[in-house]
Amino acid sequence: MTKKFLRLNGYQWTCILYVAVAVFCWQLKYFRHIDNNYLIFRQSYYHAKAHLNLYQHYPAEYYDVFLYGPLFTFFVAPFAVLPEVVGFFFWEVFNAAAFLLAVHLLPFNNRIKTAILLLCVVEFANSVHYMQFNPVIAALIILSFIMVKKEKDHWATLLTIFGAFMKVYPIAGLAFFVFSKHKGKFIGWGLFWIVVCLCLPALISGPGFLLQSYRDWFDALSAKNLLNESLTSGQDWCVMGVVRRLTQNAALPNWPFLLGGAVVFGLPLLRFEQYRSLKFQLQVMCSVLLMVVIFSTGSEHPTFIIATAGAVIYIMMQPRPFTSFNIVFLILLIVITGLGPSDAFPHFMRDWMQSLAMKAWPCIAIWCKITYELLFKDFNTEQEPLGIDSTGEDTPGLTVAV
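About the criteria used
- Residues numbered from 1 in each chain as written.
- Predicted model: local features only at pLDDT ≥ 70, side-chain atom pairs only at ≥ 80, totals over all residues.
- Heavy atoms only, no water.
- Core = buried A, V, L, I, M, F, W, Y, C linked by side-chain atoms within 4.5 Å.
- Buried < 20%, exposed > 50% of the residue type's maximum accessible area, 1.4 Å probe, protein only.
- Helix = DSSP H or I, 4+ residues; strand = E, 2+ residues; numbered from the N terminus.
- Contact = heavy atoms within 4.5 Å.
- Phe/Tyr/Trp six-rings, centres within 6.5 Å; stacked < 30°, edge-to-face > 60°.
- Lys NZ or Arg CZ within 6 Å of the ring centre and 35° of its normal.
- Patch = residues over 30% accessible without salt bridge, like charges linked within 9 Å, V, L, I, M, F, W, Y side chains within 5 Å.
- Areas by Shrake-Rupley, 256 points an atom, 1.4 Å probe, with all protein chains shown as cover.
- Salt bridge = Lys/Arg side-chain N within 4 Å of Asp/Glu carboxyl O.
- Axes fitted to C-alpha atoms, helices over the stretch in contact; angles between N-to-C directions.
- Parallel < 35°, antiparallel > 145°, perpendicular 65-115°, else oblique.
- Left-handed = near helix turned anticlockwise from the far one by under 90°.
- Nonpolar A, V, L, I, M, F, W, Y, C, P; charged D, E, K, R; others polar.

Caption draft 1: Main features of the nonpolar core. With 126 residues, the main nonpolar core has F72, W91, M285 and I306 as its most contacted residues. With 13 residues, the top contributor of residues to this core is helix α14 (residues 278-294). Once residues within four sequence positions are removed from consideration, M285 is found in contact with L106, I142, F145, F176 and I313.

Caption draft 2: Region of interest: the packing of aromatic side chains. Considering all chains together, one arrives at 43 aromatic pairs under this definition. A centroid spacing of 5.4 Å and a plane angle of 75° characterise the contact between F145 and F176, whose relative ring orientation is edge-to-face. Taken together, the positions of F145 in helix α7 (residues 134-149) and F176 in the loop between α8 (153-164) and α9 (183-199) put the pair 31 residues apart, joining distant regions of the chain. In terms of burial, F145 and F176 fall into one category: buried. Where W189 meets W193, the ring centres are 5.7 Å apart and the plane angle is 25°; that geometry is what we call stacked. Of this pair, W189 and W193 both sit in helix α9, 4 residues apart, which is roughly one turn of that helix. Note on W189: relative accessible area 31%, which makes it partly exposed. Assessed through its relative accessible area of 16%, W193 is described here as buried. Geometry around Y130 places K29 over its ring, the cationic atom sitting 5.9 Å from the centre.

Caption draft 3: Up close: the environment of M166. Mapped onto the elements, M166 comes out in the loop between α8 and α9. Taking relative accessible area as the criterion, M166 reaches 1% and is therefore assigned buried. When the C-alpha positions of M166 and L71 are compared, they lie 5.6 Å apart, and in sequence the two are 95 residues distant. For M166, the contacting residues outside a window of four places in its chain are Y68, G69, L71, F72, F75, F133, L140 and W217.

Caption draft 4: How the structure looks around a nonpolar patch on the surface. On the surface, W255, L259, V263, L267, L270 and F272 cluster together into a nonpolar patch covering about 670 Å² of accessible area. By secondary structure assignment, the location of L259 is in helix α13 (residues 255-266).

Caption draft 5: Examining the pattern of salt bridges more closely. Considering all chains together, one arrives at 5 salt bridges under this definition. Of the charged contacts, one joins K359 and E123 as a salt bridge, the two residues approaching to 2.8 Å between their closest N and O atoms. Taken together, the residues span a long stretch of sequence, with K359 in the loop between α17 (347-355) and α18 (361-376) and E123 in helix α6 (residues 110-129) at a distance of 236 residues. A relative accessible area of 2% means that E123 is categorised as buried. The partner of E151 in a salt bridge is K181, and the shortest N-O contact between them spans 3.7 Å. Residue E151 is found in the loop between α7 and α8, and its partner K181 is found in the loop between α8 and α9; the two are separated by 30 residues along the sequence.

Caption draft 6: Structural context of the packing of α6 against helix α16 (residues 324-338). In the contact formed by α6 and α16, the axes pass within 9 Å of each other and the chain directions differ by 15°. In this view, α6 runs roughly parallel relative to α16, as classed from their interaxial angle. Here α6 and α16 pass one another in a crossing that is left-handed. On α16, the residues touching L119, V122, E123 and N126 of α6 are L330, I334, T337 and G338. For the contact of α6 with α16, the per-class residue count stands at 4 nonpolar, 3 polar and 1 charged.

Laid out in structure tokens, this is it:
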């Protein structure tokens, strides 16, 4: 039995920690008037309502520009209509709740879930400190996988499509189609949700402005992608960015890396006999979480909660998660990926790590290891305990092959 303190066990206290981190970041940012990113999100609703171009600069309201899809204006509406202090509070707490729900529904016992949450808390703090909604994006990808496993394809496709029309990353959740037992329903519901999600923002802005907003979004993403491909920016922390910075060649194109990554990711999905293994399927999910970040030129400091979640889940679902090899990678994830661009390091070291996009290195290495195993390992013959338990209780794990 898990020891309890004040009638709460370690898993419950860890969940409280996440909410506390979210609340701390809220008060730190709001009362010091440094909540710029939340203002960008909040104002997108009012700009859509007033038929103002979502992707223009509005220096009187905030600095930088809005870059998410028109559907985001619908998503943020419940927060935006509240007074700023209240809406911002619930925005930060919602990010914590979404990520906690996704981890809670993973088929692991509470000890493993607690370890996953504790090992991800630094990156979670990075994201909510910048008021980003990347914890929600990670949650959408994880939950879409879980819904496929629960044979609830209507929810799986909704989460994937809804997320993709806000920020492109969740579109990778379509890969879970291969694990669906109802592929016809998956396709049908997917097409249905595409239509719904395309049209939903019209409830705020009307159809004419919405069509123009989709065109503006495409132009804004194209322009931002070109800006990201820099040798000194705080973005482009991905496979392509690492190679660009190591070779000092900012003109290096993205497409060979994207094509190669897609092929390497797709090849294990041809190993149909491995689909019987739940561990194989979970490892594919981890690969997706890592891949959407390490192959994106938009990857930046607060984005890596998505990739870190994939890396940590992969390590913690192993029969022996705390081998010397895994401990080294966990330390690298926390120190280099989590704390590297922060004040934990002196300024000259942060500049050096940024110049090499080092934040991405541990995640790239773990993705390569995951991919190698997905390509060559026989998951069906592995009978070691995994700590999987759909009830969430601290009971012995089931075998890998299911």
